[in-house]
Amino acid sequence: MAVPKTLTLPAIPIRDMVLFPGARVPFVVGRSASVRTLELAIKAGDHLLMLTQKDSKVETPAQEDLFPIGTLALVESVIALPKDYYKVGVKGVARVNLCRYDDSGEVIQAEAYLLAEPTHTAGESLQPFHQAVEAFLGRNPDASRLLSMDQIRELPLGKAIDTVAGLVPAEVKQKQEILEQLEIGSRLESLMRLLELDAARSEVDRTLDEKTRQRLDQDHKQYVLNEKMRVIQQELGKKEEKDESARLKDQIEAAGMSAEARAKALEELERLEAMPPQSAEATVSRTYLDWLLALPWQAMAGERLDLAEAERVLDEDHSGLDKVKARILEHLAVMARLRQGEGGEEGARPPLRGPILCLVGPPGVGKTSLARSIARALNRPFVRLSLGGVRDEAEIRGHRRTYIGSMPGRIISLMKKAKVRNPLMLLDEIDKMASDFRGDPSSALLEVLDPEQNATFQDHYLDVGFDLSQVLFLATANMRHQIPEPLEDRLEVLELSGYTTKEKLAIAGQHLLPRALEGHGMKGMDVRFESAALEKLVQAYTREAGVRQLEREIANILRKLARHTLQPERGEAFDPLITADRVPKLLGPEKFLETRAEDTAPPGLVNGLAWTPTGGDLLTIEAAVLPGKGNLKLTGKLGEVMQESANLALSYVRARAERLGLKRDFLDTVDLHVHVPEGAIPKDGPSAGITLATALISVLTGIPARADMAMTGELTLRGRVLPIGGLKEKLLAAHRQGRTAVLIPSENARHLEEIPAEVREQLSIHLVSHMDEVIQLALTRTPQPIQAEGAPATSPAPARESGARAQ
C-alpha cells in the first residue's frame, strides 16, 4: 500500500466558496496574514492550500474552524487592488486532507497529504448525468459560456463532476459535501441532487415570472382596449361615459361635505389623477376618498319626539328605573320644545347642547339595554363603542395617513356604520379605559364629549373637522370614582342601584322568561314558573344587584326541560310547571342560604352595612376580649381608613368609659380583637365607624346587640354620626338579608325618597346623629354608668327615631 505524499505549504482560509480540482476561481485576499501567506506562496513556487471556513463570520480561524478536506491550488494571477487588497486567480489541482494548521507565525503554514483521484470503471450509463448537465447549461447562460457539453464528454467522470459542481449555485456545505466524496458514485449522486434542486428552483422562478408578465400584459391590454373604445365612441358621435375621476368628483359635490372637507377631497382627487393606477400611493388616496364619501355629512334620522310613545317603549323594555326614565323623558321634552320653535322655526334642528348622560351602576342592572331602548324610543340608529381595556389614543382619533395600514378611529368608523349624523352612541365601560406610552384615550374623549368642541371633531386620519354635535352620547360605568375627573366633569351621572326582590320578580316574568323561552325553542310549550319558584331563584340561587345571574339560572332550568322533552327515559318526564319544590331538583342545592335575624346575638357581634360594586352587602363585625395589656388587633383585610375608624372607636369608648359602665383603667389588663369575616375580601371606608364602636361597647359591657338590626355611619371622636354614601344599596342589602331595623345618619334622611316604597315599609329606619342614640337603640339594654365621687349619675341621651317606619 502506497504511503500518501505529505505536503507543507502556505495555506489560505477562504469564506463562502469551495474550490474544486480543475476549476478556476478568482477571489479577493484582504486579511493581513492571508496577504503575507500569498506572497510566500508566490516566492515558493505558486502553490498553496485552499481551506474553506465552516463559519464565514470567524475573522481568525483555527484548525477546528476549517473543513478537513481542502484543495491544492496553483496561483495563476495576482492583481493589486487599493487599500492592500489583492485579486487572485487560482486553479484547483487536487484534493488534500489537512493534518496540521499553524497560524502562530507571520504566515499561515499547513501540512496535508494528497488524496488520490479514483478511476471510474464503466458500468451504469452516463446518459442521465449528461442530460441533467445539458439542462443546467440551457437555463444558466453564465455557466454555458464557461463550459460546453463537448468538454464534459471528453473529461474523465471525476473531473467532469468537479467542474459542474463548481458552477452549480448551492450552499457551501452542499458543495463541501461533494468535495469530500472520494468515491465517484457517491460524488455523482450528490451532484445529481444539487442539479435537481436547481431545476426545481428555476421552474418556480419561471412560473412566477410568467404570471407576472401575463398580469402586466392583461393590464396593458385592458388599457389599450379602453382607449380604443373611447376613440370609437367619439368617432360615432356618442357621449363619452364619465371616467372614474369624473364620477368621484360628482360624488364629492353631492356628498354635502363641509367646505374644509370638500376642498381636501378635491385636492386628494387631483393627486389621485396624477398617480399611476397600480401604485401604492393611488390605493392610499382612493381609500381616503372612499372614507370621506362614506361618512354621513348631511343625512339625518327621522327622529321621534313623541313623549308618550317614548315612555311606552321604555316601560315595555324595562321595569323600574323610574328616575332614569324621567331624566330621559325630560331630555326629549327639551328637544321637542326646541324643534317646535323655541330654538328656531318649525323643522329647524337647533344644535343639541344638552349634557351627556352617564349611567353608573353594578353589573346586570340594565345599563346597556337601557341605552338600546332609548335609541328605539327616539327612532335613532344605535351604535356601541366598547371602551373596556382601550389604552391607545389612536382607537379614538385614528392614525395619521403617513403610517402603513392607517385607519380612522372608532368614533368615525361608528359614524360610517350609523349612516346618519344623529345616532345614539353608547360609550360602554367608560371607567375601564387605561393609558400607556401610546397615549391616554380618556383625554381624546374630552373633545368628543365637549359640546363646545365636538362640532369640529378632528380625526387624525381624516384631518378635517367632522360634526358630532347632533350625536346623542350615553356612557355607562360600574365605578364612578374610576372615571377620570376631567371626563366626569362633562358627564351628568345617573346612579342605577340594585333591584329589589319585587322588581326582580317583575323583570323575570315580563322580560327574562319570555326571552329565554324563545331562545331555547320552548315558546309554545306552555312552560310556566310559579311566583314562589321565581322567588326561590332570586333568594337562594342568586345574590346580585342586577338580574344577569337570574337569567342564567332560568336558562339552566330551560335547558334541562328541553332535554326532558327529547329524552324522558334519561330523567324525569317533561312537566311544564316549575314549582318551588322542583327548583332544587333541577339546579341542585341552594347556593345561598337565607340569613335570618336571630332572636339573640352574643356580646360583640354587630351587623354593619357595606357598599360593593355589585350592590350592597351585610357586614358582620365581631369583637372579643382577651387577657393582655391594652392592645387592639384588627383582622379581616381591613384598609387603612377602616383601621383608623377602629382605633377612633376605641378612643371614643375609653373617653366615655365611666358613662358606659367601665372602669377608667379597663384596658390595662385586656386586649381587644376585632374581626370582619370573609377575610380574603378587602374592606375599607369610614362608614363602619358606629358599627365598630357598638361592637366594642357590646363586648366590653357584656350587653348583646340587637340581632335584627343593621347600622351604618361614620363616627367622630366627639361621638357625632356623619353621613355616608351608597344608602340605597345598603338598605336594599339589609332588606334582602332579612333585617327589620336599621340605623342611619340623620343627615341621610334626604336620600330616603330614593328608597323603594316596599323597602321603606318593611324596614324600621332610625335616624341618629350621636353615638349615644346608637347605644340606646342598638343594645338590648342601656349600660349603667359608674357614678364618680361627688358627681350625679348620667345616662346616654335619648334617641331620635324617624317614626315607627321612615317614609
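Quick note: structure is the one above.
All values derive from a computational prediction rather than experimental measurement. (Residues numbered from 1 in each chain as written. Predicted model: local features only at pLDDT ≥ 70, side-chain atom pairs only at ≥ 80, totals over all residues. Heavy atoms only, no water.)

Engineer: Help me understand the overall build of the protein chain in this model?
Structural biologist: Each helix and strand counted, the protein chain has 26 helices and 24 strands in total. For the protein chain, the spread of C-alpha atoms along the three principal axes comes to 130 × 95 × 70 Å. The buried share of the protein chain, taken over its 807 residues, is 44%. In the protein chain, 72% of the contacts between residues at least 6 apart in sequence involve partners at least 24 apart. Accessible surface for the protein chain amounts to roughly 41400 Å². Of this, 51% is attributable to carbon and sulfur atoms. Averaging the locations of the 103 positively and 117 negatively charged side chains of the protein chain gives two centres separated by 2 Å. (Helix = DSSP H or I, 4+ residues; strand = E, 2+ residues; numbered from the N terminus. Buried < 20%, exposed > 50% of the residue type's maximum accessible area, 1.4 Å probe, protein only. Contact = heavy atoms within 4.5 Å. Areas by Shrake-Rupley, 256 points an atom, 1.4 Å probe, with all protein chains shown as cover. Lys, Arg positive; Asp, Glu negative; His and termini not counted. Charge placed at Lys NZ, Arg CZ, Asp CG, Glu CD.)

Engineer: How should I be thinking about a positive patch on the surface in this particular structure?
Structural biologist: Residues Arg559, Lys560, Arg563 and Arg570 make up a contiguous surface patch of positive charge. Summarising the element assignment, Lys560 is placed in helix H20 (residues 548-566). Accessibility expressed as a relative area gives 32% for Lys560, which makes it partly exposed. (Patch = residues over 30% accessible without salt bridge, like charges linked within 9 Å, V, L, I, M, F, W, Y side chains within 5 Å. Salt bridge = Lys/Arg side-chain N within 4 Å of Asp/Glu carboxyl O.)

Engineer: Would you mind showing me how to read the packing of helix H11 (residues 307-317) against helix H13 (residues 367-378) here?
Structural biologist: Packed helices, taken two at a time, are described by the angle their axes make and the gap between the axes. At a closest axis distance of 9 Å, the pairing of H11 and H13 adopts a crossing angle of 150°. Between H11 and H13, the angle falls in the class roughly antiparallel. H13 is crossed by H11, and the crossing has right-handed handedness. Contacts between H11 and H13 involve Ala310, Val313, Leu314, Glu316 and Asp317 on the former and, on the latter, Leu370, Ser373, Ile374, Arg376 and Ala377. Looking at side-chain class alone, the contact of H11 with H13 contains six nonpolar, one polar and three charged residues. (Axes fitted to C-alpha atoms, helices over the stretch in contact; angles between N-to-C directions. Parallel < 35°, antiparallel > 145°, perpendicular 65-115°, else oblique. Left-handed = near helix turned anticlockwise from the far one by under 90°. Nonpolar A, V, L, I, M, F, W, Y, C, P; charged D, E, K, R; others polar.)

Engineer: Would you mind showing me how to read the side chain of Thr701 here?
Structural biologist: Tracing the backbone shows Thr701 in helix H23 (residues 689-701). In contact with Thr701, other than residues within four places in its own chain, are Leu660, Leu662 and Pro783.

Engineer: Is there a simple way to explain the packing of helix H18 (residues 501-519) against helix H19 (residues 531-541) in this structure?
Structural biologist: It is the contact of H18 with H19, at a shortest axis distance of 10 Å, that shows an interaxial angle of 125°. When the interaxial angle is binned, H18 and H19 end up oblique. When the axes of H18 and H19 are compared, the crossing they make is right-handed. From H18, Thr501, Lys504, Leu505 and Ala508 reach across to H19, where they touch Leu534, Glu535, Val538 and Gln539. Of the residues that constitute the contact of H18 with H19, the class distribution is four nonpolar, two polar and two charged.

Engineer: Please explain the environment of Glu530 as it appears in this structure.
Structural biologist: Of note, Glu530 is situated in the loop between strand E14 (528-529) and H19. By relative accessible area, which is 32% here, Glu530 ends up partly exposed. Sequence spacing of Glu530 and Ile578 is 48 residues, and the spatial spacing of their C-alpha atoms is 6.1 Å. When neighbours within four sequence positions are excluded, Glu530 is seen to be in contact with Leu577, Ile578, Thr579 and Ala580.

Engineer: Where do I start with H23 in this structure?
Structural biologist: Side chains that are three or four residues apart share a direction in an α-helix, a result of its 3.6 residues per turn. Look at H23: 18 Å from first C-alpha to last across 13 residues, which is about the 18 Å you get at 1.5 Å a residue. Burial analysis of H23 places 13 of its 13 residues in the buried class, the great majority of the element. Positive backbone phi, at 75°, marks Gly702, one or two positions downstream of H23. (Expected span 1.5 Å × (residues − 1).)

Engineer: Help me out: how do you make sense of the sheet that holds strand E13 (residues 491-495) in this one?
Structural biologist: Here five strands make up an open sheet; going across it, the order is E8-E9-E12-E7-E13 and the pairing parallel. The open sheet has two free edges, formed respectively by strand E8 (382-386) and E13, since each of these has just one partner strand. Pairs of neighbouring strands in the sheet enclose a mean axial angle of 25°, with direction left out of account. Here E8 runs beside strand E9 (residues 424-428); their pairing, made up of five bridges, is parallel. For Leu385, the partnering residue across the bridge sits in E9 and is Leu427. Of the strands in this sheet, strand E7 (356-360), E8, E9 and strand E12 (472-477) are in contact with H13, which crosses E9 at around 175°. (Pairing = 2+ DSSP bridges.)

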